[in-house]
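Listed below, chain by chain, are the residues.
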Amino acid sequence: MDNRPIGLFDSGVGGLTVLKQIQKILPRESVIYLGDTQHLPYGDKSKEAIIRFSIENTKFLLRQNVKAIVVACNSASSVAVEVLRETFKVPIIGVIEPTIKCISRKKTSSVLVIGTMRTVRSGVYQKKLQELNLGIEIFGKACPLLVPLVEEGAFLNKGSLLYNALVSTLEYYLGEYRDRVSHIVLGCTHYPAIENEIRFVMDGVELIDPGECAALELKEILEKNDMLSEEKSRFEKFFVTDLSEKTVEVAKIILQREINIEEIYLPES
Ligand code: DGL
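Residues numbered from 1 in each chain as written. Predicted model: local features only at pLDDT ≥ 70, side-chain atom pairs only at ≥ 80, totals over all residues. Heavy atoms only, no water.

Visitor: What should I look at first to understand the sheet that holds strand E4 (residues 92-93) in this one?
Guide: Whether parallel or antiparallel, the strands of a sheet pair through hydrogen bonds between backbone atoms. If you trace the six strands from one edge of the open sheet to the other, you get E4-E3-E1-E2-E9-E10, paired in parallel fashion. A single partner strand is all that each edge strand has here, and the edge strands are E4 and strand E10 (261-263). Two elements, strand E2 (residues 31-35) and strand E9 (residues 236-240), share five bridges in a ladder whose sense is parallel. From the neighbouring strand, Leu-34 faces E9, where its bridge partner is Phe-239. (Pairing = 2+ DSSP bridges. Helix = DSSP H or I, 4+ residues; strand = E, 2+ residues; numbered from the N terminus.)

Next up, the structure:
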């Protein structure tokens, strides 16, 4: 038993979609969330910069006495997890490896991974899946316009101009894959917020949520190491490195509830 909280970090508040999955799958666990909004977005940053930010984020969470770290951000997971594992002793769970596990359990021959430039350019999903030699064809598509559309709440008002813009943008990115893939990996923290719209555009395709895959992996690791919490009243704490009105708004849009967010200062990385 280990009642210490789980630490979770993302480039911003998009990773709250991952927090939702952790709270659903591990309802007794307390969580400390850090959004590095000062450096948002990670999706178009260099690998080196993302590694530096990820190290500082992890150090902060460890100072809060967390028992494990979840790298909620796909962009950070695709380039920084290995360095974090070499640097820190606690269990570090990224979203990529658990998602590969999820894909390998599906009956599929063709998968599309959608995400930021950084995630798609890293080719990490392709590399890791090819290592398993399962004969699954995997495509990658960067969809940089989707994060701003989610942050504008485009999915909230069906039929509005912005909603229609979201559907057209999805058609623009995904249309060419219709009838070519059976599964889509929502390889960016923000995309679970628009899963209904993705399903609408790509009728019949099954969606894979890396947040859910990571939460299941976390559960397995905590169980195996006898680290599950037995606390009856869990807590949650939210920190960001730059607290703007926009951050508060986007957090509410993604979580569909109000939360208290505290601003912290992290040494310049
Ligand atoms: N959290 C990022 C990801 O999942 C999306 C936002 C960003 O580019 O920082 O890749």
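Visitor: It is not clear to me how the sheet that holds strand E6 (residues 137-142) should be interpreted in this structure. Could you clarify?
Guide: Strand order in this open sheet of four strands is E6-E5-E7-E8, and the pairing throughout is parallel. The sheet is open, and its two edges are formed by E6 and strand E8 (206-208), each paired on a single side. Each strand axis lies, on average, 25 degrees off the axis of its neighbour in the sheet, ignoring direction. Note: strand E7 (residues 183-187) against E8, three bridges, orientation parallel. Considered in E8, the bridge of Val-185 is made with Ile-208. The sheet strands contacting helix H6 (residues 124-132) are strand E5 (110-115), E6 and E7, and the helix crosses E6 at an angle near 170 degrees. (Axes fitted to C-alpha atoms, helices over the stretch in contact; angles between N-to-C directions. Contact = heavy atoms within 4.5 Å.)

Visitor: Explain the pairing of strand E3 (residues 68-71) here, please?
Guide: Side-chain positions along a regular strand alternate between the two faces of the sheet. Here E3 shows two buried faces, one formed by Ala-68 and Val-70 and the other by Ile-69 and Val-71. Bridge count for strand E1 (residues 6-10) against E3 is four bridges, and the pairing is parallel. Of the residues in E3, the one forming a bridge with Phe-9 is Val-71. Relative to E4, E3 runs parallel, the two sharing two bridges. (Buried < 20%, exposed > 50% of the residue type's maximum accessible area, 1.4 Å probe, protein only.)

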